[in-house]
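# Architecture and fold: a report
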Amino acid sequence: ERAGDNEKPVAGAKTTAPPVKGGKKGKPQPKKKDPSAPKTKNMDKKTSKKGETLLALQWKKKENFPMWYSDVIVLSEMISYYNISGCYILRPWSYKIWDLMQVWFNGQIQSLGVENCYFPLFVSKDRLEKEKDHVEGFAAEVAWVTKSGDGDLAMPIAVRPTSETIMYPAFSDWIKSHRDLPLKLNQWSNVVRWEFKDPTPFLRSREFLWQEGHTAHATFDEANEMVMQALDLYRRVYEELLAVPVIPGYKTEKEKFAGGDRTTTVEAYIPQSGRAIQGATSHHLGQNFGKMFEIKFQNEAGKSEIAWQTSWGLTTRTIGVMVMVHGDDVGLVLPPAIAPLQCVIVPIISKHLTDEDAKEYCEGILADLVANGIRAKYDDRTMYNPGWKYNHWEQKGVPIRIEVGPRDIEKQQVRTVIRSTGEKIDEKIDGLGALLNTKLGTIQVNMLQAARKTRDEHLVQVTEWKDFVPNLEKSNMVLTPWCGGEHQDWEEWVKNKSREESLAEGEEEDAQTATSVAAKTLCIPFTQPDLPKGTKCIASGMDATCWVLWGRSY
């Protein structure tokens, strides 16, 4: 039998989390209650199971999804709660995921001629309010600086909710001729949107990290090409990096970006909650902001024209979506492409294998993995036993664990354990790095395929209203015939009617949260099923012009 989970810890090994510094020996000091942290189960001696410690998740994914999510992101060391509600500390494990996404995304946009830059965090009141529709879309979420020390500012200054009104006055200064176009800029920054409803780490917070691209072009078509290029990069971030399938499409007039001409989106699906979530958006701004900020250029004929613009953004919401889609009752399950560590080597130290005996063998394996481009670590910590380490790295979602025991060294092999499937395979160390590199690619593909299969099982077509709400109750996204994205009145009717019928069926919603039992349009998918002539809109009864995707949404 392999030593490890069932083995007694070696002398001095820790089997629980280290004590909090500053307390009496053996009695950690209680921490201050964080206002945004969720309540936890009472884990006193009377209620905890024999052998259970706070190292394990206290909630099951199917039992209480919100509490499970909070458990996962805290115990995997992704998030720490902060004393201002809606603001969170991104610990190195989650920030490394964001960092890996940045590296990939920068390489892609730079090949499209996009350059990185940085604009100030603050925007003056007059500039923010210059574009009426735009500011109305953000008014309730804008945070204002009104004081400096003990004195009031002469004019309030807004903390950026987005950067159109910050960047475009500069565009107006820089762009004078068709030779100055296209102008393609991107910035990585933080944004503040002061949400009033209950925040959720990564998904809905008052401050978040993002990239925002802003471009100016000579023609509508050039701007439209940029919109689609950016959106496809977002699709690839979700599918190729995060192994999360998305549905690309257009937003309806009701759901488009405030002040924009047209919004495109990628929509993801969270199986456990049965809710969709907007993954990222890319906006064709038309000439609206160009007119407001006088972004004019002289064309080749010497005539003055208004530039066509785009803006597009991707946030740390991506990380939360990935956690919700792939995580299980043990913890995170990370796709290899964005895993901070792709492989971790755990020696099974016992009376049959000392630290010194394991070191040379494990470091040789580590060198092979690194040489093959794998992000890897040799966990040679002596204060924790192998079972503790297994639990720790499983909770953090490392795709492959490599176990090394005395018999493995004798046979010149290792045991590999795949996090996403639990599969255990003994492999020879000769050529191990190349083998595991290929295996990581296979894991990535399989995770996306599994997530897509689950998503597709909850994607249904409905042509009659009587089937609409019952399918929402089954946690489905619903594709229906529609009279057109411009019909905001009928869109509002569906939202109100679906909420009314759902509440009548016993569904509940909390007025303080950001989720509702009402359906909303997610997008008009780019890929449209056949629409036979004479098909009627599910709400208005008018002739349908397209299929639209509905769902309950975050």
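All figures in this text were calculated on a predicted structure; none of them were measured in a lab.

Once that is clear, we can look at the pairing of strand β19 (residues 424-428). Where strand β18 (residues 413-418) lies against β19, 5 bridges are found, and the strand directions are antiparallel. Note on β19: the bridge partner recorded for valine 417 is lysine 424. From the end of β18 to the start of β19, which pair antiparallel, there are 5 residues, and glycine 422 there has a positive phi angle of about 80°.

So, on to the sheet that holds strand β21 (residues 477-482). Taken in spatial order, the 11 strands make up an open sheet running β3-β7-β8-β14-β11-β10-β9-β22-β23-β21-β20, and their pairing is mixed. Every interior strand has two partners, whereas the edge strands, β3 (115-116) and β20 (459-461), have only one.

A separate point is the confidence of the model for the chain. Predicted confidence across the chain gives a mean pLDDT of 89, with 88% of residues reaching 70 or more. In the model, residues 3-33 has pLDDT below 50 throughout and makes 45 contacts with residues more than four positions away in sequence or in other chains. Within the model, pLDDT remains below 50 along residues 42-53, and this stretch shows 6 contacts once partners closer than five positions in the same chain are excluded.

Time to look at the side chain of arginine 552. In this structure, arginine 552 sits in the segment after β23 (546-551). On the basis of relative accessibility, which here comes to 9%, the residue arginine 552 falls in the buried class. Within polar-contact distance, the side chain of arginine 552 engages the side chain of serine 502 at 2.8 Å. Setting aside chain neighbours within four positions, we find arginine 552 in contact with Gly274, Arg275, Ala276, Leu472, Glu473, Ser502, Glu507, Ser516, Val517 and Ala518.

Our next topic: the sheet that holds strand β5 (residues 143-148). Taken together, 3 strands build an open sheet; the order of strands is β4-β6-β5 and the sheet is antiparallel. Of all strands in the sheet, those bounded by a partner on one side alone are β4 (122-124) and β5. Each strand axis lies, on average, 45° off the axis of its neighbour in the sheet, ignoring direction. Sheet topology places β5 next to strand β6 (residues 151-159); 5 bridges connect them, and they run antiparallel. Each bridged residue has a counterpart across the sheet, and for valine 145 the counterpart in β6 is isoleucine 157.

The next thing to look at is the packing of aromatic side chains. Evaluation of the coordinates by the stated rule reveals 20 aromatic pairs. Consider the rings of tyrosine 384 and tryptophan 388, whose centres lie 3.7 Å apart with planes at 10°: the pair is stacked. Residue tyrosine 384 is classed as buried on the basis of its relative accessible area, which comes to 10%. The structure contains a cluster of three or more aromatic residues connected by ring pairs, namely Phe119, Tyr168, Phe171, Trp174, Phe289 and Phe293. Over the ring of tryptophan 93 we find lysine 396; its NZ or CZ atom is 4.2 Å from the centre of that ring. Here arginine 401 stacks its cationic end above the ring of tyrosine 390, 4.1 Å away from the centre of that ring.

Rules used in this analysis
- Residues numbered from 1 in each chain as written.
- Predicted model: local features only at pLDDT ≥ 70, side-chain atom pairs only at ≥ 80, totals over all residues.
- Heavy atoms only, no water.
- Pairing = 2+ DSSP bridges.
- Helix = DSSP H or I, 4+ residues; strand = E, 2+ residues; numbered from the N terminus.
- pLDDT = per-residue confidence, 0-100.
- Contact = heavy atoms within 4.5 Å.
- Buried < 20%, exposed > 50% of the residue type's maximum accessible area, 1.4 Å probe, protein only.
- Polar contact = N/O pair within 3.5 Å; in protein donor to acceptor, adjacent residues only side chain to side chain.
- Axes fitted to C-alpha atoms, helices over the stretch in contact; angles between N-to-C directions.
- Phe/Tyr/Trp six-rings, centres within 6.5 Å; stacked < 30°, edge-to-face > 60°.
- Lys NZ or Arg CZ within 6 Å of the ring centre and 35° of its normal.

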